[in-house]
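As a plain string of letters, each chain reads:
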Amino acid sequence: MATNLPSIAVVASSRAVISGRLTSATVVISLTTGKITAVFDSVIPASEFPVNTPYTDYSPHVLLPGLVDAHVHLNEPGRTEWEGFYTGTQAAAFGGVTTVIDMPLNAIPPTTTVNGLKEKIQAAQGKCWVDVGFYGGIIPGNAGELKALVQEGVRGFKGFLIDSGVDEFPAVGREDIKKVMAELADEPTTLMFHAEMVPPITASVGDEVQTSDAPADPAGPLEAYATFLASRPSSFETCAIESILSLAHLAPNLPLHIVHLSAMEAIPLLREARANGVKITAETCFHYLSLAAEEVRDGDTRHKCCPPIRSKLNQDSLWEELEKHTGDGVIKTVVSDHSPCTPDLKMLPAHVPGHCTGGKEEESGNFFSAWGGISSVGLGLPILWTDLSRRKGLTSSPEDENTKNALQDVVRLCCANTAAQVGLQSHKGDLVVGFDADICVFDDSAEWTVEPSTMLFRNKCSPYQGRTLRGMVRETWLRGERIFSRDQGFHSQSPHGKLLLEKRV
Ligand SMILES: [Zn+2]
């Protein structure tokens, strides 16, 4: 007897973002390959498809491509108590993120050698709820590993110009970067930098010193956010970016990328370099667009990250760059930089949610001793939508032109451009024929409050706890399979995420 299992599934909505445009759409998915096989620009009724076809019309919720979060620290193996593949990717799926790219540091070993990558791959087997790719790291002395890492499928490379916070991932200097650029000059990859650097002493003497921020020891109480902010001035970012730009000519074909840009002062530098033909882009993070220094209470180290969250004015400037320069801007992507740790390392004082006993009480609330990193994987879309709603006065009306543009912007910044940054643009980041059926079903008007039960990452410690966000991910589909719904949770017992190890082309 022939089995009569459906071979396709169909999702439709009066609102979907397809090829960057908001439209009504019907998306046909092969259940054999998990790929999209047809897209129509109207809602086609279920009666037009074979009787046993799984069919859902999600109107008026919005069909978005699954988000590609190109900056996540999963920390496994080695610091699995901070985060892990299982919990980190569950948190991603909760928020409509169907691809995460894992950063090369904070796991032990770091992903700075082929063997390190192999340990990661081993540790990730069977634990990923969404698709996972890996970056490689550049550290002093590992230039000889880089070409092999490209062959093994890393999505790009990242290095630091300042202390990374962990001993096994030291910063690179100019001579190291020169070697790296020589190795990677014509490879299909992206070279990325944590762009903070203590300005060299020679740059701090002379007339400049009167107007520039000099590197400073803490000048104030260590629990005061202002003291921490003053210790990581914008000049750390601009100095690092100038240093990178001064080497860019060594590898003119190699795309360069600044991770987690915070300082508005860096934008003109990057704009000018791009105008001169330098292949450089930047990303910013959900937290720089939603949190501001003025609002951080003393001792609330949940807000510590590097580079730091800066002023309200700085936040407005980042938004201005995103909104005024949709095509030619320097900030191409928005990512989480999810970088968790165990609660004791955050050294939270007792009155801050996420506090745990067992930390060093005498250092509680100390911004300088606390681990730097913000947890938000899977919260990014609602965080961005909440701020977009406030800034643009979005309404729930389907005719609202601002809402339409904002949805398109979100897809550009968090799906299409992040996929392109990591070389996945041929099958991730859009809802078109031939692409993976990775879908985020987004309810753009629902409001909800972040609480431990909605933070699926391992350690429930985030500055977003207690915040009411606008926009809720109703369902997440991964390669044609509905993996998560807000009402019913995870649909299968075991994770079906894939490791993305195909070499970039
Ligand atoms: Zn990071």
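Up top is the structure these notes are about.
Computed from a predicted structure; not experimentally measured. (Residues numbered from 1 in each chain as written. Predicted model: local features only at pLDDT ≥ 70, side-chain atom pairs only at ≥ 80, totals over all residues.)

### Describing the overall build of the chain
No. 1: For the chain, the helix and strand inventory stands at twelve helices and 18 strands.
No. 2: The globule rule puts the C-alpha radius of gyration for 505 residues at 23 Å, and the 22 Å found for the chain is close to it.
No. 3: Judged by the C-alpha coordinates and their principal axes, the chain covers about 80 × 50 × 45 Å.
No. 4: Looking at the chain residue by residue over its 505 residues, the buried ones come to 52%. (Helix = DSSP H or I, 4+ residues; strand = E, 2+ residues; numbered from the N terminus. Rg over C-alpha atoms; globule rule 2.2 N^0.38 Å. Buried ≥ 20, exposed ≤ 12 C-beta atoms within 10 Å, placed from the backbone.)

### Details of the environment of Asp298
No. 1: Structurally, Asp298 can be placed in the loop between helix H8 (286-290) and helix H9 (312-324).
No. 2: Measuring from C-alpha to C-alpha, the distance between Asp298 and Phe368 comes to 12 Å, with 70 residues separating the pair along the chain.
No. 3: Excluding residues within four positions of it along the chain, Asp298 makes contact with Glu223, Ala224, Tyr225 and Gly365. (Contact = placed C-beta atoms within 7 Å.)

### With respect to the environment of Thr395
No. 1: Secondary-structure assignment places Thr395 in the loop between helix H11 (380-392) and helix H12 (401-421).
No. 2: On the basis of neighbour count, Thr395 is assigned to the partly exposed category, with 13 C-beta atoms found within 10 Å.
No. 3: Taking the C-alpha atoms as reference points, Thr395 and Ser445, 50 residues apart in sequence, are found 8.0 Å from one another.
No. 4: Not counting residues within four places of it along the chain, the set of residues in contact with Thr395 comprises Asp400 and Thr403.

### A word on H12
No. 1: The terminal C-alpha atoms of H12, which comprises 21 residues, lie 28 Å apart, in line with the 30 Å expected from a rise of 1.5 Å per residue.
No. 2: At Arg412, H12 is bent by approximately 40 degrees, the largest bend along its length.
No. 3: Burial analysis of H12 places 15 of its 21 residues in the buried class, which makes it a mostly covered element.
No. 4: At the exit of H12 stands Gly423, carrying a positive phi of roughly 75 degrees. (Expected span 1.5 Å × (residues − 1). Bend = angle between axes of the 7 residues up to and from the residue.)

### Some words on the nonpolar core
No. 1: In terms of nonpolar packing, the biggest core is built from 147 residues, with Leu63, Val130, Ala240 and Leu384 touching the most fellow members.
No. 2: Ranked by residues supplied to this core, first place goes to H12 with ten residues.
No. 3: Both domains that furnish three or more residues to this core are identified here as domain 1 (8-63 + 433-490) and domain 2 (66-202 + 219-422).
No. 4: In this view, Ala240 contacts Leu161, Phe193, Ala195, Glu196 and Met197; residues no more than four positions away in its chain are not counted. (Core = buried A, V, L, I, M, F, W, Y, C linked by C-beta atoms within 7 Å. Domains from an automatic or database assignment.)

### Here we look at the pairing of strand S8 (residues 131-134)
No. 1: Of the two faces of S8, the one carrying Asp131 and Gly133 and the one carrying Val132 and Phe134 are both buried.
No. 2: Both strand S7 (residues 97-102) and S8 contribute to a ladder of four bridges, which runs parallel. Each bridged residue has a counterpart across the sheet, and for Ile101 the counterpart in S8 is Gly133. (Pairing = 2+ DSSP bridges.)

### Focus on the packing of H11 against H12
No. 1: One can describe the packing of H11 onto H12 by two numbers: an axis separation of 11 Å at closest approach and a directional angle of 145 degrees. Seen along the crossing, H11 lies across H12 with a hand that is right-handed. In this structure, H11 uses Gly380, Leu381, Leu384, Leu388 and Lys392 to contact H12, whose residues at the interface are Asn402, Ala406, Val410 and Cys414.
No. 2: Looking at the contact of H11 with H12, its residues break down into six nonpolar, two polar and one charged. (Axes fitted to C-alpha atoms, helices over the stretch in contact; angles between N-to-C directions. Left-handed = near helix turned anticlockwise from the far one by under 90°. Nonpolar A, V, L, I, M, F, W, Y, C, P; charged D, E, K, R; others polar.)

### So, unusual backbone geometry
No. 1: Between Glu76 and the following residue, Pro77, the backbone shows a cis peptide bond with an omega angle of 0 degrees.
No. 2: Looking at the secondary structure, you find Pro77 in the loop between strand S6 (67-72) and helix H1 (85-94).
No. 3: The phi torsion at Asp337 lies on the positive side, around 45 degrees, for a residue other than glycine.
No. 4: Of note, Asp337 is situated in the loop between strand S14 (331-335) and helix H10 (343-346).
No. 5: A tally of 27 C-beta atoms within 10 Å means that Asp337 is categorised as buried.
No. 6: A positive phi is found at Arg479, a non-glycine position, where the angle reads about 40 degrees.
No. 7: By the element assignment, Arg479 lies in the loop between strand S16 (468-478) and strand S17 (481-485).
No. 8: Accessibility expressed as a C-beta count within 10 Å gives 24 for Arg479, which makes it buried.

### Here we look at helix H4 (residues 174-184)
No. 1: Those residues of H4 that sit buried are Ile177, Val180, Met181, Glu183 and Leu184. For H4, the buried positions fall inside an angular range of 160 degrees around the axis, keeping them on one side. Exposed side of H4, more than 90 degrees from the buried face: Arg174, Glu175 and Ala182 are the residues found there. (Arc of directions from axis to C-beta.)

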